[in-house]
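Examination of the molecular architecture
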Number of protein chains: 2
Amino acid sequence: MKRVYNFSEGRAGMKDILGGKGANLAEMTRLGLPVPPGFTITTAACMDYLKRGRQLTDELQKEIRQALQELELATQKAFNDPEQPLLVSVRSGAAFSMPGMMDTILNLGLNDQVVKRLAQLTDPAFAYDCYRRLLQMFGDVVYGIDKTCFDRCLDRLEKQLGKQLADFSEAEWQQVITAFTAIYAENGKRFPETPMQQLEEAVAAVFNSWNNHRAKVYRQLHQIPDDLGTAVNIQTMVFGNSGEKSGTGVAFTRNPTTGEKRLFGEFLLNAQGEDVVAGIRTPLAIGKLAEVMPALYDQFATLAELLETHYRDMQDVEFTIENEKLYFLQTRNGKRAPKAALKIAIQLVQEGLITKEEALLRIAPQTLDQLLHPIFVEDEVQQAILLAKGLPASPGAATGKIVFTAEKAKALTSAGEQVILLRQETSPEDIEGMVVSEAIVTSRGGMTSHAAVVARGMGTCCVTGCEALTVNEAERTVRCGERILQEGELLSVDGSTGKIYLGRLGTKLTERDQDFHLLMQWADEAAQLKVHANAETVNDLKTALAFGADGVGLARTEHMFFGEKRLLEMRRLILSESEQETAAALAALLVFQKEDFYRMYQITGEKRMVIRLLDPPMHEFLPHTQEEITQLAKDLNQDSRAIKKKINALQESNPMLGHRGCRLGVTAPEIYQMQAEAIMTSALQLAEAGMTITPKLMIPLIAEPKELELVKQAVVDKIQAVFAKSDQTLAYEIGTMIELPRACLVADQLAAAADFFSFGTNDLTQMTYGFSRDDIGKFVGSYEEKGILSQDPFQTVDQAGVGALMKIAVVKARQVKPDLSIGVCGEVGGDPRSIAFFQELGVDYVSCSPYRVPIARLAAAQGKILYDRKENCASISRII
Amino acid sequence: MKRVYNFSEGRAGMKDILGGKGANLAEMTRLGLPVPPGFTITTAACMDYLKRGRQLTDELQKEIRQALQELELATQKAFNDPEQPLLVSVRSGAAFSMPGMMDTILNLGLNDQVVKRLAQLTDPAFAYDCYRRLLQMFGDVVYGIDKTCFDRCLDRLEKQLGKQLADFSEAEWQQVITAFTAIYAENGKRFPETPMQQLEEAVAAVFNSWNNHRAKVYRQLHQIPDDLGTAVNIQTMVFGNSGEKSGTGVAFTRNPTTGEKRLFGEFLLNAQGEDVVAGIRTPLAIGKLAEVMPALYDQFATLAELLETHYRDMQDVEFTIENEKLYFLQTRNGKRAPKAALKIAIQLVQEGLITKEEALLRIAPQTLDQLLHPIFVEDEVQQAILLAKGLPASPGAATGKIVFTAEKAKALTSAGEQVILLRQETSPEDIEGMVVSEAIVTSRGGMTSHAAVVARGMGTCCVTGCEALTVNEAERTVRCGERILQEGELLSVDGSTGKIYLGRLGTKLTERDQDFHLLMQWADEAAQLKVHANAETVNDLKTALAFGADGVGLARTEHMFFGEKRLLEMRRLILSESEQETAAALAALLVFQKEDFYRMYQITGEKRMVIRLLDPPMHEFLPHTQEEITQLAKDLNQDSRAIKKKINALQESNPMLGHRGCRLGVTAPEIYQMQAEAIMTSALQLAEAGMTITPKLMIPLIAEPKELELVKQAVVDKIQAVFAKSDQTLAYEIGTMIELPRACLVADQLAAAADFFSFGTNDLTQMTYGFSRDDIGKFVGSYEEKGILSQDPFQTVDQAGVGALMKIAVVKARQVKPDLSIGVCGEVGGDPRSIAFFQELGVDYVSCSPYRVPIARLAAAQGKILYDRKENCASISRII
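Notes on the structure in this doc start here. Owing to the predicted nature of the structure, the values given are computational and were not obtained by experimental measurement.

Helices and strands together make up the secondary structure of chain A, namely 36 helices and 31 strands. A total of 880 residues make up chain A; the buried ones form 59% of that total. Here the analysis covers contacts within chain A between residues at least 6 apart in sequence; of these, 68% occur between residues at least 24 apart. Measuring between centres, the 95 positive side-chain charges of chain A sit 1 Å from its 114 negative side-chain charges.

Here's what the structure looks like:
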C-alpha cells in the first residue's frame, strides 16, 4: 500500500485516496500549472492510523520522510536548513468537502533558529509575523489552545509598547515569541522545535480531526460515511504576504450568482489566504489585478479558463502571488446560486463541454425551490430583529398581521389586509383561513403536520414547530420569551429558513427564465417517471399545470366540505335523525360537488386526474365549542344536548387508525355514491362540450380485498344509474390507495379489483413505523440528535421498511396485472432521493404539491439517467 | 355424474357427496340395521341446480324417478297408489351439520285422495293429522307461508267446535283441510296434488335453503365454504305417531354431559320426531323404554353399541318405533359437553378404539374453556334467591341481563353488556343471539332441544325446560309464580345444576379432574411449541403455573405503577421540575420495583420469565379531573396551572402511534435503567438464596435497529454498574418485541442486536390493518355483517397480512441467528387456529393469558400432529 503520493504522481480521478484538494493539486501539477511542489498522505493512511489507536506507523513515517526528501531536492530547500529553510503548509482534504475538520497550518518548519534565517532572507517583521502565525495555528489546531489567548496577548503587547504589530522591532518580536511560548507552557504544552516533529504532530492532528464532534455531525447531516478518512496535503509555502509585489486571492471562472461568463473574485496584495477570508481588510475585485499586474492577470485568466475547460465546469480557484510569480493553490468546482447553476449548465452544453444529461445531473433538484418562491431582500434581513426559528415547512417569504383564528384571517383579508395565521396547530376547519393567509405559523407539529402539508400544497409560506412561541388564543396574544405580541402586529416569515422576524421585510420574486424552461424541457425528455400534482383548488390546479404537471395524481375531496354552507349540509348529514334529512343533505352536497368537479375538469381538461373519495373521519367536520354547537342545533333544528352526545360518540382514541377512508364507504356508502354521481355527471356534461374525460375515482385506506370489492360495487351501481338516467356512458376507472401495510401484502388480490394503484406514503410510513405525524414532534428531536433517524421518513422514503413493503406490492400486483398503473402520491413523491428509488421500483408516476413539480421533474430525469447508468441500483435488490 | 344414490349404494366415507345424514343412513343400511329404505340426491346436484339458475335438470328428474321406482318396488307401495300409497320424508343433509337450513318435510305423498286411503288403512284421526302436518310443513318451508297462520287456524277451529284436534271427526278434519287450502290461496299458492310434484318442489326447496340468510350466517360463523351444497334424503315414512305401540326418540350412546358409558336419551310414545325436538310434550328417559318394550330396548341398545364401535365415537341416534318395530333414522357423532368429551376420548383410548393422537384431535381446544372458568361461590349460592330450576343442559355459571330476543342480545353485547338469552324455545334463527349470550335459558324443551345442543356445542352455559318461567316476549317480561322480571334485570344461571338465581353471584374456579390432567399430559408429550403465559400479578402468575405454563412470555410492568404511592412517584417523575426531584422519584420507584420483581421471581423461580420494560405513553399516568390535579399540585408542591399545562402538552392525537415504548427509552433512559437495576438486584438477591435466574428484559416498540442498540446500551450500562456495585454478575438477556411492520422488515438487523424476539401481535395487527382496537367498534359490526372480515384479526392471526410480516421476520432473523428464540405474546397466542399457523411458522413458544394456557397446550399438540400429517401446510408457503 502506497501511503504518500507526490503531486506529480496523482490525478483528479484519485479523489477517494487523495481527497478532493490533493487530487486537484496533482491534476494541476500534471497539467503544468504553477503549483508549489508537495505531496499528499492518503485517506487510507488516515483510517489505518485511526484503527491502530492513533499511532503513526513506522511505514507511514518512512514514506513521509522519503517524500520530504524529494521535496527538499526539488525545492533546493530543507527542514531546519541554516541557508534555505523549507517551510510547508499542512492542509486536510477529504473526498467530500468537510468544513467540520481541521483546515490549515501555514509556515510549518519555523522555529526560534529558522525564523532568524528567514528574517535575514526577507525582513524581520515578515519572518516573525510568519512565526507567530504558525505558533497560533499550531497551538490551536494541534494542542487545542484557545486562540483568543494569543490574540489577547498580542493586543496587550501592542498597548504596552504603544505601537502596531507591523512596526515591532526584532527585539519586540522576541517578546511576542516568549509570551506565546508561555501560553503553550500554561497549557502544559511545548511547541516542538524540530520541523519534522511539527510535521508529524500536524499530520496526526489532521487525522484526528476526522473524528472530532463537528466533523461527525457534519457527516451525519450530509450522510457521508464515517469510514472514508481524510487525506493530508503538505505543500511548499509561497508567501502572498512578502511585500507589495505579492498577494493572494480567490476567483470563480464564472459569476456564481448570475452565471455570467466572466472571471469573478477578489484579491489582496501583501496578504496570506486567511486575511482574505477573515474580512479584516477589504479585498479588491479581481478585475483590478489586470491594472496592477497585467501580464500576471492574463496568465491567470488563461490558466483559469484552461482549468474550466479541463474540468468541464465552473472552477473556484485559490491563488497566491509571490514576488510577481503566480501560484495555484487549489481548484474545485465552484458553488453557485441556483439561477447561476442553471445558466452555467446550459452554457456548458451550448459550448459543447457537457451533454444535456450531464447538465441535468449538475443541478440539485431542491435548489429549484428558490426559483419558485419569493424571498426577502438580503439587506433588510441583515437589519431585521429575529423573533424565533421553527421548521422550514413550506418555502416562501411573506409579511402580514398576526391573527389567531381562521375567522379573523377571513375577516381581515376580506377587508384587504394581509395576515399571518398563527396557531398552536391547524386542523381541517382552519382551511379557509389558511387559504387567505400570506403565511402560516404553528408552535407545534413537524414538517408533515397538517399545516405543513396543506401549506406546501398551496405553495403558501409556512413555519411549523416553532416551540419558542406560546399562543394564547383566548387573549389573542403570542409570547416569545419576554416579548408579548398582540393580534394585528406585523411579522415576516421566511418559510425557506424557518425564521420569523418582527415587522415588515421587503420581498422580491426570483424569476423563472428561459434557462429554467429549457432545463425542464430537457428533464422531461430524459425522464421516464411522469410527474403529477396533488391539487384540487382552482389555484392549485392552475399552478400545477403552469409548473408542468402531467396530470393530477391526487385531488382530495375533504377540503370541499368546509365552506360555510357545505359544512352545514355535511353536519346535517352526519347528525341526521331521519331518512328525509339524510336525503336532503346528500342532495344539497351533490349540487356543490357537481360544481366542484365541473370546475376542476374545466381546468385539467383531458389530462389524467385521480379524485380521492372522502377520507377523514366524520368527527373532523363537527364543531367543538359550546357556542358552535348551540348555533348548529338552531340551524338543524335539533337538541343541542343530543348533538353534543353524538359528537362525543364519534370521538376516537386514535383517529388515524379509526373510522375513516373506505371504512366510511362501507358503513355509509351513500356519501361515496353522491361523490361518484357528481363526478360522472360533470364529466358527462363536459363530454357534451366535446371533452373526452375518463374519470378516475380512488378509494382510500383499503386493507382487505373484500372492502375494495364492496365499496367499488356501491360506486359502480351508482355510476350505472347515472348512465341509465342520462342515456350516455363514459369510460372510467376505479383504483385504490395503497397506504396500509396490509394492502401491500395482499396487493395481488387488490390488483385484481383495481384499475390503478396509488401509494399513499404518508399513511404507509405512519403505520410501518407506528409513528403519528401529529405526535412525532415529542421525540423526533432526540431521534435525530442521537442519529436513530438518519432522515425524516416523511420527507424521504424509508427504503428498508416502507420501501420494502412498496416493493412487495409492486411485484405482487404486476404478477396479476403487468400493466397496472402505479403511482406515488404521498409527501415523498416530490423528494429527489425518493424519486430515484421509485424509478428503480418501476412505478409509473409520482404526484406532489404543485410547487414541487419542477423539482420532481428534474429528479425524475436524474433518476432515469442514473438508473440507466446503474449507478444507484444496489439498494433495491437488497431490501427484501 | 351420478346424481342419486340408493341407501344401499353409499357408505360413511361419502359425506362430501351424500352429506352427513345420507352417508350415515347408507352406512347403517350397509351394516344391516333396520333403516326405512330411501335414496339420497348428491350435494353436487345441489350446486349444479344453484348454478343453473335454480332449475332441476332433466337428468336429475330422470334419476329421481328411477330411484323412486326402485323404492316403490322395494316397499311394494307407490306414489298415489289407491291401495298402498307411498309416503316419504324429505330431509336436507350437508357434509357439515347446518341448523340454518331447511330440515324436514314429513308425510310427503299425501293429498286429498291418498289421505282417505290412509284413513282406511289406519284411522282417520291419524291420517288427517299426518296430512295437516304435511300441509303445514310444506307451506312453511317450500312456500314460506307463516307457520303461525296454520296454528292460529287450528286454535280457532278447536274453539269453534269445542273439542281437541285428537277428537275431530273425519268431516271436521275436512274443515281443517279446507281452511288450510284457503291459507295457501291467501298466500297466492296451491298445494301440489301430485306427489311427484310435491317431491320436486320439496327437493328444490332444500337446495334453495343452502343459500338462505341463516344458512349463510351459520357458514360464515363456522367458516364452512359456500360451494359445498347440501344433499337431500328421501326416505320411506315410518310412523312413530301411529298409536301407543309406536314412538320416537333420540339417544346418545354415552352421557353427553358426564361422559358416563350408559345409554342416555329420551323418547315419546305415539309421536313424530318433531314432537321431541319442539319440546311441546316432555319426553321420558330412555331407560323407561326397557320397561315399556323390553325386547325392543335390548335390540336398540345392542345396535347402538355396534354403531359406536363401528364409528369409534359416541353416537347420537334418532329412532322411530312403528307398531313395535324399531327403525334407525339417523346416527352421527354426538355433541358433548367438554367434561364428557374428555372422559369419552380417554375411555376410547383405554378401550383400544382410538390412539392418543386421535383423542387429542377429538377435543376442540376452546371447549376446555368451560373446565377452566369459574363456578358460583358456594356461600353466595347459599344466600341467593333461587328463582327456578330447569334441566342442566350445558354446564357453566354466568350472570347477565335478561333479554328476550336475539336482536336485543346482539345490541346489548355490542354495547359491552353481558346478557342471558331467555326464550320459550330457541330456533336456528336465534343463532347469532345465542353466540353472544353468557347463558341461554328456555322454558320448554329437553336436554336434546335445539337450545341444549347448540349451547353445548359452543360451550355456553344453558338451562332448558325451565317450565316455571312464562315468557312474554311482547311485553318483555318473564313471570315466575307471583314474580315478574323485566328485560334488563340480572339473573345468574348455573348450567351444571339447572338452577337460576336472582341478581349477581360471585364465581370461582372449578377443580380440574384426572381426565383433564391426563389429556394435558398427552398434549405436552405431543406438542412442539411451548406455552407461556402473559402474567405479572401474584394471582396471575400462580394461575399460569397451575395451568401448566412453561414460563412467562410477557410480564408487563406498566400496571406496577398504578398503586396509590407508586402513582404519586411516577407523576413526580413525569412532572419533575429539577434533577433532584427526578432522582428522588426514581429512587422511590426503584424500591417499589425491586419488591415487585423479587416477588415475581419468588413465584416463577427458575422458569423463563420475560419482563417487558415500560410501554405506555406518560400521559396515561397523569390525572384528568380538576380535583385530582389540585390534589396532585398539593402533593408535589407545584402550581396546579403549571401541572395542567404539562398534562396538556403531553396529550397526543394518536397515542397508539405516539411517544411510548422504546421511544421513552430513548428520551428518558433513566426509567428503563431504574427497571433494569430493580430486576438485576432482585435476581442477584435470589441468587444468594441459591436460585439461578437468568433475567430477560424486553424492549417494546422497536422500529429501527439503532433504537434497539441505543436503548440496549443504556440498559447494559446500568446492569454493569449494578454488577460492579454488588461485586457479582449474572447471565441475562435483552430482547425485543416485534410489533411494528418495520421491525418485521428489518428483522435481520434487529436479530443481530437482540437475544430473543417476541411478536406483539396486538400492535402488529393494529398497524398492519391501520385499525385501532379502541375505535374499531364503530365499524367492525358492518365489517362482519358484510363479510369483509371473516374473523376478528385480534382473536385469530390474519395470515395474509400480519402472518406474511411474521414470516418475513422469522426468515430474516433466522438467516442471521438460526437459534434465536422467537415467541408470540399477543392475544392470538392463545387461539387454536393461530397456534396451528405458528407451528408452521416455526416459532418457539406462544404466550397467552393464564386461563387460556390449557387451551393453547392442547392446540399446540394438535398443531404439531396435523403439521406432521401435512394436513394444513398449504397456507404458509403461499403467503409471501
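One finds A:Phe757, A:Phe759, A:Phe838, B:Phe757, B:Phe759 and B:Phe838 to be the most contacted residues of the largest nonpolar core, which totals 302 residues. Ignoring sequence-local partners within four residues, the contact set of A:Phe757 consists of A:Thr736, A:Ile738, A:Ala747, A:Leu750, A:Ala751, A:Ala813, A:Leu820, A:Ser821, A:Ile822, A:Gly823 and A:Tyr845. One finds B:Leu86, B:Met102, B:Leu108 and B:Ala455 within the second-largest nonpolar core, a separate group that totals 88 residues.

This paragraph deals with the interface of chain B and chain A. If you look at the interface, chain B gives 53 residues, while chain A gives 53 residues. Both sides of the chain B and chain A interface together cover about 4500 Å² of buried area, and 59% of this is carbon and sulfur. On the surface where chain B and chain A come into contact, there are two salt bridges. Taken together, chain B and chain A are joined by 30 residue pairs in polar contact (both at pLDDT 80 or more). Of all elements in the fold, only helix 25 (640-650), helix 26 (662-667), helix 28 (705-726), helix 29 (741-745), helix 31 (761-769), helix 32 (777-785) and helix 33 (799-816) of chain B reach the threshold of two or more residues within the side of chain B that touches chain A. With six residues, helix 33 of chain B is the single largest residue contributor to the side of chain B that touches chain A.

Here we come to the environment of B:Thr765. Residue and element names in this part refer to chain B. Mapping Thr765 onto the fold places it in helix 31. Here Thr765 falls in the buried class, since its relative accessible area comes to 2%. Spatially, the C-alpha atom of Thr765 lies 7.0 Å from that of Pro793, the residues being 28 residues apart in sequence. Residues in contact with Thr765, not counting those within four places in the same chain, are Gly770, Pro793, Phe794 and Val802.

The next subject is the packing of helix 21 (residues 538-546) of chain B against helix 23 (residues 579-604) of chain B. The axes of two packed helices give the description: the angle between them and the distance between them. Residue and element names in this part refer to chain B. Orientation of helix 21 relative to helix 23, taken along the N-to-C sense of each, is 15°, at an axis distance of 10 Å. Between helix 21 and helix 23, the crossing angle belongs to the class labelled roughly parallel. The two elements helix 21 and helix 23 meet at a crossing, and its hand is right-handed. The residues of helix 23 that touch helix 21, namely those facing Val538, Leu541, Lys542 and Leu545, are Arg599, Met600, Ile603 and Thr604.

Quick look at the pattern of salt bridges now. All told, the structure shown has 86 salt bridges over all chains when counted by the stated rule. B:Arg742 is paired through a salt bridge with B:Glu704; the nearest N and O atoms lie 3.6 Å apart. You can see B:Arg742 sitting in helix 29 and its partner B:Glu704 sitting in the loop between strand 27 (696-699) and helix 28, a full 38 residues away along the chain. For the pair formed by B:Arg742 and B:Glu704, the shared burial category is buried. Each of the salt bridges in this network shares a partner with another, and the network as a whole consists of A:Glu558, A:Arg612, A:Asp615, A:Arg660 and A:Asp763.

All names here are of chain A. Ordered in space as 8-7-6-9-10, the five strands form an open sheet in which the pairing is antiparallel. Strand pairing shows two members of the sheet lacking a second neighbour, strand 8 (284-285) and strand 10 (325-333), which therefore form its edges. In this structure, strand 9 (residues 315-322) lies alongside strand 10, joined through eight bridges in antiparallel fashion. For Asp316, the partnering residue across the bridge sits in strand 10 and is Arg332.

Bringing the sheet that holds strand 1 (residues 4-6) of chain B into the picture now. Residues and elements named next belong to chain B. The antiparallel open sheet is built from five strands, whose spatial order is 1-2-5-3-4. The open sheet has two edge strands with one neighbour each: strand 1 and strand 4 (104-108). Recorded for the sheet is a direction-independent mean angle of 20° between the axes of neighbouring strands. The pairing of strand 3 (residues 88-94) with strand 4 spans three bridges and is antiparallel. Each residue of the ladder has a partner; that of Val90, found in strand 4, is Ile105. Sitting on the sheet, helix 8 (residues 195-209) is in contact with strand 2 (38-41), strand 3, strand 4 and strand 5 (230-236), with an inclination near 150° to strand 5.

A few words on empty space enclosed by the protein. The gaps of empty space that remain are located by a probe, the size of a water molecule, rolled over the atoms. Residues and elements named next belong to chain A. In this structure the tally under the stated criterion is three cavities of 30 Å³ or more. Size it by volume and the largest cavity reaches roughly 50 Å³. Together, Asp369, His373, Ser394, Pro395, Arg456, Ser849, Tyr851 and Arg852 line the largest cavity. For the lining of the largest cavity, the class distribution of residues is two nonpolar, three polar and three charged.

Residue and element names in this part refer to chain A. It is the contact of helix 22 (residues 564-575) with helix 24 (residues 626-636), at a shortest axis distance of 11 Å, that shows an interaxial angle of 80°. Taken together, the axes of helix 22 and helix 24 lie roughly perpendicular to each other. Judged by residue contacts, Leu568, Arg571, Arg572 and Leu575 of helix 22 engage Leu632, Asp635 and Leu636 from helix 24.

So, about helix 5 (residues 124-143) of chain A. Two residues of an α-helix separated by three or four positions point the same way, owing to the 3.6 residues in each turn. Residue and element names in this part refer to chain A. Under the 1.5 Å per step criterion, the end-to-end length of helix 5 is 27 Å for 20 residues, consistent within 8% with the ideal 28 Å. In terms of burial, helix 5 is largely enclosed, as 16 of its 20 residues are buried. A side-chain oxygen of the first residue of helix 5 lies 3.1 Å from the backbone nitrogen of Ala125; this N-cap is Asp123. Positive backbone phi, approximately 65°, marks Gly144, located one or two places after helix 5.

About the cut-offs
- Residues numbered from 1 in each chain as written.
- Chains lettered and ligands numbered in written order.
- Predicted model: local features only at pLDDT ≥ 70, side-chain atom pairs only at ≥ 80, totals over all residues.
- Heavy atoms only, no water.
- Helix = DSSP H or I, 4+ residues; strand = E, 2+ residues; numbered from the N terminus.
- Buried < 20%, exposed > 50% of the residue type's maximum accessible area, 1.4 Å probe, protein only.
- Contact = heavy atoms within 4.5 Å.
- Lys, Arg positive; Asp, Glu negative; His and termini not counted.
- Charge placed at Lys NZ, Arg CZ, Asp CG, Glu CD.
- Core = buried A, V, L, I, M, F, W, Y, C linked by side-chain atoms within 4.5 Å.
- Buried area = accessible area lost by both parts, 1.4 Å probe.
- Salt bridge = Lys/Arg side-chain N within 4 Å of Asp/Glu carboxyl O.
- Polar contact = N/O pair within 3.5 Å; in protein donor to acceptor, adjacent residues only side chain to side chain.
- Axes fitted to C-alpha atoms, helices over the stretch in contact; angles between N-to-C directions.
- Parallel < 35°, antiparallel > 145°, perpendicular 65-115°, else oblique.
- Left-handed = near helix turned anticlockwise from the far one by under 90°.
- Pairing = 2+ DSSP bridges.
- 1 Å grid on protein atoms, 1.4 Å probe; cavity = no way out; pocket = protein on both sides within 12 Å on 5 of 7 lines; lining within 4 Å.
- Points joined across faces, edges and corners; volume = space filled by probe spheres on them.
- Nonpolar A, V, L, I, M, F, W, Y, C, P; charged D, E, K, R; others polar.
- Expected span 1.5 Å × (residues − 1).

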